[in-house]
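# Summary of the model geometry
Listed here are the chains, written in short residue letters.
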Amino acid sequence: MKIYKAHILFTKEKDHFEVLENGYILVDKGVVVDVCQSLPEQYKSVEVVDFGDKLLIPAMNDMHVHAPQYRNQGIAMDLELLPWLDNYTFPEESKYKDVSYAKRMYSRFVGDLWRVGTMRTVAFATLHRESTRLLMQLFQKAGMGAMVGKVDMNRNSPDTLTETVEDAVAANEALIAEFNQPDALVRPIITPRFVPSCTPQMLRACGELARKYNLPVQSHLSENRGEIAWVKELEPESKHYGDAYNRYGLFGQTPTIMAHCVWTEGDELEMMKQNGVMVAHCPTSNFNLSSGMAPIRTFLNEGIKVGLGSDISGGHELSIFKMMVYAIQVSKMQYCADKSKPFLTLPEAFWIATKSAGSFFGKVGSFEKGYEFDALVIDDHELNHDHYSLLHRLERFIYIGDDRQIAHRFCRGKEITIPQI
Ligand code: GUN
Ligand code: FE
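All figures in this text were calculated on a predicted structure; none of them were measured in a lab. (Residues numbered from 1 in each chain as written. Chains lettered and ligands numbered in written order. Predicted model: local features only at pLDDT ≥ 70, side-chain atom pairs only at ≥ 80, totals over all residues. Heavy atoms only, no water.)

### Quick word on the overall build of the protein
- When you go through the protein residue by residue, the secondary structure sums to 13 helices and 17 strands.
- Its C-alpha atoms give the protein a radius of gyration of 21 Å, within 12% of the compact-globule value 22 Å for 421 residues.
- In terms of overall dimensions, the protein has C-alpha extents of about 65 × 50 × 40 Å along its principal axes.
- Counting every position in the protein, which comprises 421 residues, the buried fraction comes to 59%.
- Residue pairs in contact within the protein that sit at least 24 positions apart in sequence constitute 75% of those at least 6 positions apart.
- Entry remark: accessible area of the protein is about 16300 Å², with carbon and sulfur atoms responsible for 49%.
- Between the averaged position of the 45 positive side-chain charges in the protein and that of its 54 negative side-chain charges there is a distance of 3 Å. (Helix = DSSP H or I, 4+ residues; strand = E, 2+ residues; numbered from the N terminus. Rg over C-alpha atoms; globule rule 2.2 N^0.38 Å. Buried < 20%, exposed > 50% of the residue type's maximum accessible area, 1.4 Å probe, protein only. Contact = heavy atoms within 4.5 Å. Areas by Shrake-Rupley, 256 points an atom, 1.4 Å probe, with all protein chains shown as cover. Lys, Arg positive; Asp, Glu negative; His and termini not counted. Charge placed at Lys NZ, Arg CZ, Asp CG, Glu CD.)

Right, here's the structure in full:
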């Protein structure tokens, strides 16, 4: 049993913060046993780790990021999605055939996730088996949670990023055999890149893998209008883009997360709702690639699950705290255009990033009883906290703070120190 004392802030409901000033959190075997204002009598003999005046909050979850685009972070923002992929992204990802290049880049990438307080990640790797394996091992060594996808793609891609369906299935099965353990922190996720990159045979094979091994699925959906028009041409029998995944068992038949959904509406939205598909909202990517503004208020109103993603390198910003700010700002621009769609509040953005996103991993993202203890300790004294309420301290840290204020990080109850990789 571990007992921590601090100012504890988290969300149970989407529009409300729970705040315990000088509260206690009791953690046993990595799981929250109780969160309380005063320590129950039976625990009085247990040593308390006192974080003093610091804030204790749930750790961040990045629900969509491309690990092999790490070197392109912060560059190449001058094109829309499809030419951006051809000109910048595919050439960079092709380099991951070389495992030593992958080791150099992926080590820095995992270190950076640690730095910004992201303890769980849903990541795309590349189609290369050995580099993907290495990324999974790096997460394991770091003690950080991740679902990592070997990317599957076999059309409209350069030769360096094209493989046969048989090779893709074999590589997936090798990784599944090695990593798909019950309760593992690092797990495989089936990852068809997006419909334009995958033939119907590849999509079918991906759906079969997901069903056979009961694995989650991730991909991209309705990000860019040119992309959507192309999918219509490529998959004329599908009712819409989402249906092109659904027909192959890749749309909620197992837990599914779709990045972007900027232009999702009508029957596609209804199908997401019926099938319980989660949206990974990536506002910085949607700005940089001129994709548009995703209808997050509508998704929330409809009860569709949402999390936040950095989408490096379409997105330039790795911090999920900053993603909350961007998500709120986009929603304010939408509110300007349509006053019937209230903008996101801070507790809503925090809930999306923590409890809502965390549900994809199980009981993650809150400090309620039974949740895995994924947490950050925030030392914000340099942000003049003495003049502010606890809620304003949290808001200030989210808006103007950075990794310098993250004093401790926990994943599944274990303190995670800087990855030595
Ligand atoms: N659609 C297919 N591949 C990608 C990618 O790498 N990034 C983004 N933002 N969208 C995609
Ligand atoms: Fe993406």
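### Let's talk about the side chain of Ser-94
- Mapping Ser-94 onto the fold places it in helix H1 (residues 81–94).
- Judged by relative accessible area, which is 17%, Ser-94 ranks as buried.
- Every residue in contact with Ser-94, bar those within four places of it in the chain, is listed here: His-128, Thr-160 and Leu-161.

### Description of the pattern of salt bridges
- Scanning the model with the defined rule gives 26 salt bridges in all.
- Of the charged contacts in the structure, one is a salt bridge between Lys-355 and Glu-368, with a shortest N-O distance of 2.9 Å. With Lys-355 in helix H12 (residues 346–358) and Glu-368 in the loop between H12 and strand S15 (375–378), the pair connects residues that are 13 residues apart, well separated along the chain.
- When its relative accessible area of 17% is taken as the criterion, Lys-355 is described as buried.
- The class for Glu-368 is buried, based on a relative accessible area of 19%. (Salt bridge = Lys/Arg side-chain N within 4 Å of Asp/Glu carboxyl O.)

### Quick look at the site of ligand 1
- In the region of ligand 1, 13 residues are neighbours, and His-66, Gln-69, Arg-193, Glu-223 and Asp-311 sit closest.
- Between ligand 1 and the protein, one listed contact pairs an oxygen atom with a side-chain N or O atom of His-66 at 3.5 Å.
- Contact distances for ligand 1 include 2.8 Å between an oxygen atom and a side-chain N or O atom of Gln-69.
- Here the shell around ligand 1 gets three residues from one element, more than from any other, and that element is H1.
- Its residues placed into classes, the shell around ligand 1 shows five nonpolar, five polar and three charged. (Near = heavy atom within 4 Å. Polar contact = N/O pair within 3.5 Å; in protein donor to acceptor, adjacent residues only side chain to side chain. Nonpolar A, V, L, I, M, F, W, Y, C, P; charged D, E, K, R; others polar.)

### Some thoughts on the packing of helix H11 (residues 320–337) against helix H13 (residues 390–400)
- Packing of H11 against H13 brings their axes to within 7 Å, and their N-to-C directions diverge by 90 degrees. The angle between H11 and H13 places the two elements in the roughly perpendicular class. The residues of H13 that touch H11, namely those facing Phe-321, Lys-322, Met-324, Val-325 and Ile-328, are Phe-397, Ile-398, Tyr-399 and Ile-400.
- Looking at the contact of H11 with H13 residue by residue, the classes come out as eight nonpolar, no polar and one charged. (Axes fitted to C-alpha atoms, helices over the stretch in contact; angles between N-to-C directions. Parallel < 35°, antiparallel > 145°, perpendicular 65-115°, else oblique.)

### Some remarks on the sheet that holds strand S5 (residues 60–66)
- Across the sheet, which stays open at both edges, the four strands sit in the order S5-S6-S7-S9 with parallel pairing between neighbours. Strands at the two margins of the open sheet, each flanked by one partner only, are S5 and strand S9 (186–188). The average angle at which neighbouring strand axes cross in this sheet is 15 degrees, direction not considered.
- Two elements, strand S7 (residues 145–149) and S9, share three bridges in a ladder whose sense is parallel. Across the sheet, the residue bridging to Met-147 is Arg-187, located in S9.
- Contacts from helix H3 (residues 129–142) reach strand S6 (118–124), S7 and S9 within the one sheet, and its direction differs from that of S7 by about 175 degrees. (Pairing = 2+ DSSP bridges.)

### Quick word on the sheet that holds strand S2 (residues 17–28)
- Strand order in the open sheet formed by seven strands is S3-S2-S1-S4-S15-S16-S17, and the pairing between neighbours is mixed. Two strands in the sheet have a free side with no partner beyond their single neighbour: strand S3 (31–36) and strand S17 (414–415).
- Sheet topology note: the strand S16 (residues 406–411)/S17 ladder contains two bridges and is antiparallel. Bridge pairing links Cys-411 to Lys-414 in S17.
- This element, H13, spans strand S1 (2–11), S2, strand S4 (48–58), S15 and S16 of the sheet and lies at about 60 degrees to S4.

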